[in-house]
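# Breakdown of the fold
The primary structure of each chain is shown beneath.
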There are 2 protein chains.
Amino acid sequence: MEVTELLPLFQFFKKYNPLSTDGEKNIAAISSINTFKKNTDLQPIGHTCKTIYFLNKGIARIYYFKDGIDITENFYFENSIIARVESLFTGKPSLKAIQILEDAEIVGINSNQLFKLYDSFPEIERLFRKIFEAAYVETVHRIEGIQFHTAEERYKALLQEAPDVLMRIPLKYVASYLGITQVSLSRIRGLK
Amino acid sequence: MEVTELLPLFQFFKKYNPLSTDGEKNIAAISSINTFKKNTDLQPIGHTCKTIYFLNKGIARIYYFKDGIDITENFYFENSIIARVESLFTGKPSLKAIQILEDAEIVGINSNQLFKLYDSFPEIERLFRKIFEAAYVETVHRIEGIQFHTAEERYKALLQEAPDVLMRIPLKYVASYLGITQVSLSRIRGLK
DNA sequence: CTATTCATTTATCATATGATAAATAATCAC
DNA sequence: GTGATTATTTATCATATGATAAATGAATAG
């Protein structure tokens, strides 16, 4: 693809590590844009993650099944990177899927080719290092949010930090993200 | 320090990204070794994390206070890296402390100097990228372990995956790591 | 060694959340 | 638009865990 077709992506990159023109071109060369309809999965569960996604438009979630129950790991909105890191970084098959919750336009970056670029472009390796460091920090905070808070507190925190999630996403998906059943979430919301 | 004084550290590094002799020398130059007594803190809560630690010997934990309650974020044993990433990667003060649980010998690597080395040694940047990618993946798995499991299941999983934790660490610290009170953990242990 | 502090267990009671079922409400296919 | 599917709420009951208190056991200082 051309760099000019990926402006939101490169805008996003600037927040972490601005790239040289050459760096941008090389990333553009291994990227593609696709659109996806609501309720479709980007990839089936069980496949190894070989693409890093960037959400131009739409909403998505990563989910998996635990004992047959659908569990949401995380939600993603416009201008964010989506990757199943437990597969991307280990090369093992992912037991998770990325599902589109609102019609989406998504940039896909081939990860094998990206990792090859790391060798000739330290700036690209640094960029993704910083992106994933930030994601790591978020995950650490997520654990703090879970530990020792009641479901009601977690719900209220989400309401404050990311009201979008509660406005735009089916509650059944939010419940498992909060670590409770859908019925409990409904009850908590009813409390007032 | 000399490279020869840091063999366990460089052995550990080899699992992620083997370094050139020059790379090792440069890391050795910004490292130091110290011993710490049981129950001491490496750094007070509130200071910004400027050191990445490697545990040659001993046991440690990262902990913080939430609503006045001591919560264990994680445990660390011999041959592991310890860092409060939410401070290291953001430059913000850390609300967490590293406490020594068994007399320890610890390598400290100055993080500002390390980050400078990244510029001239891509191999070093890559090494730490991989180390923290692996830690990130572990953290993601940790969340899966918390979500939708009872305290008893979490306890039994820990017993299986890391019996060392339960054998060598005071239960009061383990309880908060599992997300329950110390009294509940004691009851769960008593069950069978 | 003794006393003091600290860690762990045990017991009781209160409560938040799960499980299940059923009633509404909203969405979707045709 | 209508019916069928899917999502959400409401209700009831069961249970795991928290809060508190007290008893026992272990570690530590002097």
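In the block above lies the structure referred to throughout.
For the structure given in this document, a descriptive report is provided here. Please read these numbers as outputs of a predicted model, since none were measured by experiment.

Looking now at the overall build of chain A. In terms of helices and strands, chain A carries nine helices and five strands. Starting at the N terminus and ending at the C terminus, chain A contains elements arranged as α-α-β-β-β-β-α-β-α-α-α-α-α-α. For a compact globule of 192 residues, the expected C-alpha radius of gyration is about 16 Å, and chain A comes in at 18 Å, within 12% of that figure. Taken over the C-alpha atoms alone, chain A extends approximately 55 × 30 × 30 Å along its principal axes. Within chain A, the fraction of its 192 residues that count as buried is 52%. Partitioning the intrachain contacts of chain A with sequence separation of at least 6 by distance along the chain shows that 69% fall at a separation of at least 24.

Our next topic: the pairing of strand β2 (residues 51-66) of chain B. Residue and element names in this part refer to chain B. Burial within β2 is extensive, with 14 of its 16 residues counted as buried. In this sheet, strand β5 (residues 96-110) lies alongside β2 in antiparallel orientation, the contact comprising 12 bridges. Counterpart to Ala60 in the pairing with β5 is Ile100. Pairing analysis gives three bridges linking β2 to strand β4 (residues 80-82), with the strands arranged antiparallel. Note on β4: the bridge partner recorded for Leu55 is Ser80. By the bridge criterion, seven bridges tie β2 to strand β3 (residues 69-76) in an arrangement that is antiparallel. Opposite Tyr64, over in β3, you have Ile71 as the bridge partner. The loop that links β2 with its antiparallel partner β3 comprises two residues; one of these, Asp67, has a positive phi angle of about 50 degrees.

Placing chain B over chain A gives an RMSD of 0.0 Å and needs a rotation angle of 180 degrees, together with 0.0 Å of translation along the axis. Viewed as a symmetry operation, the transformation between the two copies matches a two-fold axis. Take the interface residues of chain B: 100% of them recur as interface residues in chain A, which is what a same-surface contact looks like.

Surveying the vicinity of DNA strand C reveals 18 residues, the closest of which are Ala151(A), Ser184(A), Leu171(B), Lys172(B) and Ser186(B). Taking the atoms of DNA strand C that fall within 4 Å of the protein, sugar and phosphate contribute 65% of them. Here Ala151(A) contributes a backbone N or O atom positioned 2.4 Å from a phosphate oxygen of DNA strand C. Arg189(B) is positioned such that a nitrogen or oxygen atom in its side chain is 3.2 Å from a phosphate oxygen of DNA strand C. If you list the elements that add at least two residues to the surface near DNA strand C, you get α6 (151-161) and α9 (182-191) of chain A together with α8 (171-178) and α9 (182-190) of chain B. Considering every element that reaches the surface near DNA strand C, the biggest residue donor is α9(B), with five residues. For the surface near DNA strand C, a count of residues per class yields six nonpolar, six polar and six charged.

Quick look at the protein's contact with DNA strand D now. With respect to spatial proximity, 18 residues lie near DNA strand D, and among them Leu171(A), Lys172(A), Ser186(A), Ala151(B) and Ser184(B) are the closest. Taking all atoms of DNA strand D within 4 Å of the protein, the share assigned to sugar and phosphate is 64%. Residue Ser186(A) places a side-chain N or O atom 3.0 Å away from a phosphate oxygen belonging to DNA strand D. A distance of 3.3 Å separates a phosphate oxygen of DNA strand D from a polar atom in the side chain of Thr181(B).

Attention now goes to helix α5 (residues 122-146) of chain B. Taking 1.5 Å per residue, 25 residues should reach 36 Å; α5(B) reaches 36 Å between its end C-alpha atoms and fits that length. Positive phi appears at Phe148(B), one or two residues downstream of α5(B), with a value of about 60 degrees.

What follows covers the interface of chain B and chain A. Contact residues are listed per partner, giving 37 residues for chain B and 37 residues for chain A. Across the chain B to chain A interface the summed buried area is about 3,500 Å²; carbon plus sulfur atoms make up 64%. Three residues stand out in chain B for area buried against chain A, namely Tyr136(B), Gln147(B) and Phe148(B), and they jointly supply 21% of the buried area on that side. The salt bridge partner of Asp119(A) is Arg126(B), with a shortest N-O separation of 2.9 Å. Viewed at the interface, chain A and chain B are joined by 16 residue pairs in polar contact (both at pLDDT 80 or more). Mapped by element, the contributors of at least two residues to the side of chain B that touches chain A are β2, β3, α3 (85-88), α4 (111-120), α5 and α8 of chain B. Of the residues forming the side of chain B that touches chain A, the biggest block, 17 residues, is contributed by α5(B). For the side of chain B that touches chain A, the class distribution of residues is 16 nonpolar, 10 polar and 11 charged.

Reading the values: the criteria
Residues numbered from 1 in each chain as written. Chains lettered and ligands numbered in written order. Predicted model: local features only at pLDDT ≥ 70, side-chain atom pairs only at ≥ 80, totals over all residues. Heavy atoms only, no water. Helix = DSSP H or I, 4+ residues; strand = E, 2+ residues; numbered from the N terminus. Rg over C-alpha atoms; globule rule 2.2 N^0.38 Å. Buried < 20%, exposed > 50% of the residue type's maximum accessible area, 1.4 Å probe, protein only. Contact = heavy atoms within 4.5 Å. Pairing = 2+ DSSP bridges. Least-squares fit on C-alpha atoms with pLDDT ≥ 70 in both. Near = heavy atom within 4 Å. Polar contact = N/O pair within 3.5 Å; in protein donor to acceptor, adjacent residues only side chain to side chain. Nonpolar A, V, L, I, M, F, W, Y, C, P; charged D, E, K, R; others polar. Expected span 1.5 Å × (residues − 1). Buried area = accessible area lost by both parts, 1.4 Å probe. Salt bridge = Lys/Arg side-chain N within 4 Å of Asp/Glu carboxyl O.

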